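If you want the building blocks of each chain, they are given just below.
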Amino acid sequence: MSDPNAQPPVDPAKGGPVPPAGDGATPPPAAPQQPPAGAYPPPPAGGYAPPPPAAGSYPPPPAGAPQYQQPYAAAQPMSPSDEKLWSTLIHIGGIFFGFIPPLIGYLVLKDRGPFIKAHTLTALNFQLTMLIALVVGSILTIVVVGLFIIIAVYVVVIVFSIIAAIKANKGELYSYPLTIQFIKA
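Reference entry: report on the structure contained in this document. Every value quoted in this text rests on a predicted model; they were computed, and no experiment measured them. (Residues numbered from 1 in each chain as written. Predicted model: local features only at pLDDT ≥ 70, side-chain atom pairs only at ≥ 80, totals over all residues. Heavy atoms only, no water.)

Re the pattern of salt bridges
Test applied: Throughout this description, the term salt bridge denotes a Lys or Arg side-chain nitrogen within 4 Å of a carboxyl oxygen of Asp or Glu. Here the term buried applies to any residue with accessible area under 20% of the maximum for its type, exposed to any over 50%, and partly exposed to those in between, with areas from a 1.4 Å probe on protein chains only.
Evaluated as defined, the whole model comprises one salt bridge. The shortest N-O distance in the salt bridge between Glu172 and Lys167 comes to 3.3 Å. In this structure Glu172 comes out as partly exposed when scored by relative accessible area, which is 35%.

Considerations on the environment of Gly94
Put simply, the test is: Numbering goes from the N terminus for both helices and strands, where a helix is a DSSP run of H or I of at least four residues and a strand is a run of E of at least two. By the convention used here, residues are in contact when the closest approach between their heavy atoms is within 4.5 Å.
Checked against the element boundaries, Gly94 lands in helix H1 (residues 80-97). Considered as a pair, Gly94 and Ala123 are 29 residues apart in the sequence and their alpha carbons are 7.6 Å apart. Discounting residues that sit within four places of it in the chain, Gly94 has contacts with Pro101, Gln127 and Val157.

What to know about the nonpolar core
Threshold: Nonpolar cores are built from buried Ala, Val, Leu, Ile, Met, Phe, Trp, Tyr and Cys residues. Side-chain atoms within 4.5 Å join them into one set.
The biggest cluster of nonpolar side chains holds 13 residues, and the ones touching the most others in it are Phe126 and Tyr176. Among the elements of the structure, helix H3 (114-139) and helix H4 (145-170) are those that each provide at least two residues to this core. Those residues within four positions of Tyr176 in sequence are excluded, and the remaining contacts are His91, Thr122, Ala123, Phe126, Phe160, Ser161 and Ala164.

Some remarks on the packing of aromatic side chains
The line we're drawing: Stacked, tilted and edge-to-face pairs are distinguished by plane angle, under 30 degrees for stacked and over 60 for edge-to-face with tilted covering the rest, among Phe, Tyr and Trp rings (Trp via its six-membered ring) whose centres lie within 6.5 Å.
Scanning the entire structure with this criterion turns up three aromatic pairs. Centroid distance Phe126 to Phe160: 6.4 Å. Interplanar angle 85 degrees. Geometry classified as edge-to-face. In this pair, Phe126 is assigned in helix H3 and Phe160 in helix H4, connecting sequence segments 34 residues apart. There is no split in this pair, since Phe126 and Phe160 are both buried.

Everything listed is a geometric property; what it means functionally is a separate question.
Printed below as a string of structure tokens:
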């Protein structure tokens with residue numbers, strides 16, 4: 001049943017009513033709409049001009065000019081209090097995470113000041129030496145002596161890292177004993 005008050009559907013292509021489905025007359029497909037001739041001019045031969053530069057910026061280089069990139073900015077030096085803080089944290093981080101904090105600190109902070117560079121380098125060399133001692137101790141666990149080496153390494157790391165952190169916090173340089181110099185300044 002159909003509603004007698006309903007409006008007939010409208011064909012959007014023609015703007016008129018859609019014929020009922022059962023009469024056999026289907027409307028032909030609508031032709032695509034084209035803008036009237038002359039409404040849009042063709043683009044110029046060289047293409048459109050680029051948009052004007054924003055206020056306060058440099059214009060783009062001319063076509064065919066070599067492209068130069070800005071070099072990376074030099075690292076800002078740290079204040080002495082920041083250098084002491086990061087040096088202390090790197091020494092303490094070595095107790096919990098081994099050589100990872102000194103390595104990251106050395107790679108990221110070595111150019112930020114001579115104090116932080118000296119402490120990260122010292123801590124990194126010490127932690128690498130202790131890593132070798134742990135590997136030797138773990139191999140020697142086959143013989144009971146390896147267990148004592150591992151315990152001694154952990155005690156040495158805790159004691160000397162705390163001493164180094166205290167020295168760094170006071171602003172003094174520190175050199176770990178029993179350290180092989182793998183990385184030199």
